[in-house]
Amino acid sequence: MAAMKLVIMTKSTFFVEEDKILTALFDEGMDKLHLYKPGSQLVFSERLLSLVPEGYHDKIVVHEHFRLKNEYDLAGIHLNRPTEFVPNGIRGKVSRTCEDLSLLKDMKKSSNYVFLRRIFSCTGDADKPSSFSVKQLEEAADKGLIDKRVYALGGIDIDNVRMAKELGFGGVVVCSDLWKRFDIHNGTDFRDLLALFRNYQKVVG
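Everything in this summary refers to the structure shown in the same document. (Residues numbered from 1 in each chain as written. Predicted model: local features only at pLDDT ≥ 70, side-chain atom pairs only at ≥ 80, totals over all residues. Heavy atoms only, no water.)

## Some details on the sheet that holds strand E2 (residues 33–35)
Part 1: Ordered by their spatial adjacency, eight strands build a closed barrel running E1-E2-E3-E4-E5-E6-E7-E8, and the pairing between neighbours is parallel. Averaged over all pairs of adjacent strands, the angle between their axes in this sheet comes to 25°, without regard to strand direction. (Pairing = 2+ DSSP bridges. Helix = DSSP H or I, 4+ residues; strand = E, 2+ residues; numbered from the N terminus. Axes fitted to C-alpha atoms, helices over the stretch in contact; angles between N-to-C directions.)

## Remarks on the layout of surface pockets
Taking a probe equal in size to a water molecule and rolling it over the atoms shows the remaining empty space.
Part 1: In this structure, the second largest pocket spans a volume of roughly 210 Å³.
Part 2: Along its surface, the second largest pocket is lined by 12 residues, and Ala2, Ala3, Lys148, Phe169 and Gly170 are the ones closest to its centre.
Part 3: Tallied by class, the residues present in the lining of the second largest pocket amount to six nonpolar, two polar and four charged. (1 Å grid on protein atoms, 1.4 Å probe; cavity = no way out; pocket = protein on both sides within 12 Å on 5 of 7 lines; lining within 4 Å. Points joined across faces, edges and corners; volume = space filled by probe spheres on them. Nonpolar A, V, L, I, M, F, W, Y, C, P; charged D, E, K, R; others polar.)

## Points about helix H8 (residues 191–204)
Part 1: With 14 residues, H8 should reach 20 Å at 1.5 Å per residue; the first-to-last C-alpha distance of 20 Å fits that figure.
Part 2: All of the buried residues in H8 are Leu193, Leu194, Leu196, Phe197, Tyr200, Val203 and Val204. (Expected span 1.5 Å × (residues − 1). Buried < 20%, exposed > 50% of the residue type's maximum accessible area, 1.4 Å probe, protein only.)

## Overview of helix H2 (residues 42–51)
Part 1: Within the span of H2, buried status applies to Leu42, Ser45, Glu46, Leu48 and Leu49. Along the axis of H2, the buried positions cluster into a sector of 165°, meaning they face one direction only. Residues of H2 that are exposed and point more than 90 degrees away from the buried face comprise Arg47 and Ser50.
Part 2: Those residues of H2 hidden inside the fold are in contact with helix H1 (18–27), E2, strand E3 (60–63) and helix H3 (67–71). (Arc of directions from axis to C-beta. Contact = heavy atoms within 4.5 Å.)

## Looking at the packing of aromatic side chains
Part 1: Across all of its chains, the model carries eight aromatic pairs by this definition.
Part 2: Between the aromatic rings of Phe15 and Trp179, the centroid separation amounts to 5.8 Å while the plane-to-plane angle is 70°, which identifies the pairing as edge-to-face. Of this pair, Phe15 sits in the loop between strand E1 (5–9) and H1 while Trp179 sits in helix H7 (residues 176–179); the two residues are 164 residues apart in sequence, bridging distant segments of the chain.
Part 3: For Trp179, a relative accessible area of 3% puts it in the buried group.
Part 4: Taken together, the ring pairs in this structure connect Phe15, Trp179, Phe182 and Phe190 into an aromatic cluster. (Phe/Tyr/Trp six-rings, centres within 6.5 Å; stacked < 30°, edge-to-face > 60°.)

## Observations regarding the pattern of salt bridges
Part 1: Summed over the entire model, instances satisfying the criterion amount to 12 salt bridges.
Part 2: For Arg67, the salt bridge goes to Glu71, with nearest N and O atoms at 2.8 Å. Of the two residues, Arg67 and Glu71 both sit in helix H3, four residues apart, roughly one turn of that helix.
Part 3: Owing to a relative accessible area of 48%, Arg67 belongs among the partly exposed residues under this scheme.
Part 4: Across the pair Lys108 and Asp147 runs a salt bridge whose closest N-O atoms are separated by 2.7 Å. (Salt bridge = Lys/Arg side-chain N within 4 Å of Asp/Glu carboxyl O.)

Set out below in structure tokens:
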């Protein structure tokens, strides 16, 4: 099987050590970061980007605050809702989030890649159940809906990456499984987080 793409999504909130951790992840070979800070002020994203070495900016995709794409020469923008349009003046790669298999075909036509949401249930979070049965996902893969341009989002952990790969997803989006390895309030040592990232690299490879 071909290697999958490994996408890391930021925590939804900012924290003190974040720029150091993101830079360390890039140093370890992270090639796609989604900057996802819903409802945040532009200035905080600007500050974070200014602290990450410029050579890594072309690996960052921004959600909201799309003007950052041009200002920092980022990799692209991500649209969180099916009804959202690419703003005027924004060129380059566009990705989208989809929750509905019936919309997936059209969304792929207007995107470089698509996040299919709620693939797996989030452990310990009853509010975030899986939206699809394995059978539904297998049927979608058989129809060619799930392919190398569709990435699995939701409940991804080191144990279910192989299943996502077998279902035909071209990538996985890792968020909470990574960030829960670091105490944002008291932590300064993020070796456990980096070790987990290396494990993900091996599994997707």
